[in-house]
Amino acid sequence: MASKLVYVLNGPNLNRLGKREPGIYGSQTLDDIGAMLTERGEALGCTIDMRQSNHEGHLIDWLHEAEDQGAHAVLINPGAYTHTSIALHDAIRAIKVPVIEVHLSNPHAREEFRHTSWVGMAAKATVAGFGAGSYLLALEGAAAL
């Protein structure tokens, strides 16, 4: 059986994980999370293509690429673009690949400006508040699709 390709897209400032506000985001780096996803993905029959950019356009291009490459699913942690990017919202709606929004913290338990998710309005599902485990839970969901 062919492996299911899962894109894991990470937005602004996620390259600073492990250094940036560990009380909120934890001490694991994005590389640590990538290693966990790769290991779990192998067990689930998934190939992980993990990327990070601080630029909104890269995330949009990668969403389009995911569909063009026949990806099974996309996990996306859009960082602050969650609350501001109608462009990401539209890009998600423009593709047929299921997209799962991922957050380390629970945005609804934080500042009020974080309570609106333009990405979440377009995504198939959202997993939030479980730290790095949010990615693993999202991957389990994606693999089951």
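In what follows, the structure referred to is the one given above.
Residues numbered from 1 in each chain as written. Predicted model: local features only at pLDDT ≥ 70, side-chain atom pairs only at ≥ 80, totals over all residues. Heavy atoms only, no water.

On to the packing of helix α2 (residues 30-44) against helix α6 (residues 133-144), then. Where α2 contacts α6, the two axes come as close as 10 Å, and the packing angle between them is 30°. Here α2 is positioned roughly parallel relative to α6, judged by the angle of their axes. Relative to α6, α2 is oriented so that their crossing is right-handed. Taking contact as the criterion, the partners of Leu30, Ile33, Met36, Leu37, Arg40, Gly41 and Leu44 in α2 are, on α6, Tyr135, Leu136, Leu139, Glu140 and Ala143. (Axes fitted to C-alpha atoms, helices over the stretch in contact; angles between N-to-C directions. Helix = DSSP H or I, 4+ residues; strand = E, 2+ residues; numbered from the N terminus. Parallel < 35°, antiparallel > 145°, perpendicular 65-115°, else oblique. Left-handed = near helix turned anticlockwise from the far one by under 90°. Contact = heavy atoms within 4.5 Å.)

Counted by the stated rule, this structure contains three salt bridges. We note a salt bridge from Glu65 to Arg51, for which the minimum N-O separation is 2.6 Å. Of the two residues, Glu65 is situated in helix α3 (residues 56-68) and Arg51 in strand β2 (residues 46-52); the sequence distance between them amounts to 14 residues. Using a relative accessible area of 18% as the deciding quantity, one classes Arg51 as buried. Taken together, the salt bridges that share partners define one network made up of Asp49, Arg51 and Glu65. (Salt bridge = Lys/Arg side-chain N within 4 Å of Asp/Glu carboxyl O. Buried < 20%, exposed > 50% of the residue type's maximum accessible area, 1.4 Å probe, protein only.)

Here we take up a nonpolar patch on the surface. Taken together, the side chains of Ile86, Trp118 and Met121 make up a nonpolar region of the molecular surface, amounting to roughly 280 Å² of accessible area. Looking at the secondary structure, you find Ile86 in helix α4 (residues 86-93). (Patch = residues over 30% accessible without salt bridge, like charges linked within 9 Å, V, L, I, M, F, W, Y side chains within 5 Å. Areas by Shrake-Rupley, 256 points an atom, 1.4 Å probe, with all protein chains shown as cover.)

Sheet architecture is open: five strands sit in the order β2-β1-β3-β4-β5, paired in parallel fashion. Strand pairing shows two members of the sheet lacking a second neighbour, β2 and β5 (125-128), which therefore form its edges. Put simply, the sheet's adjacent strands are angled 20° from each other on average, direction ignored. With seven bridges connecting them, strand β1 (residues 4-10) and β2 associate as parallel partners. Bridge pairing in β2 links Lys4 to Cys46. Docked against the sheet, α3 engages β1, β2, β3 (73-77) and β4 (99-103), running at close to 170° with respect to β1. Sitting on the sheet, α6 touches β1, β2, β3, β4 and β5, and the angle it makes with β4 is about 165°. (Pairing = 2+ DSSP bridges.)

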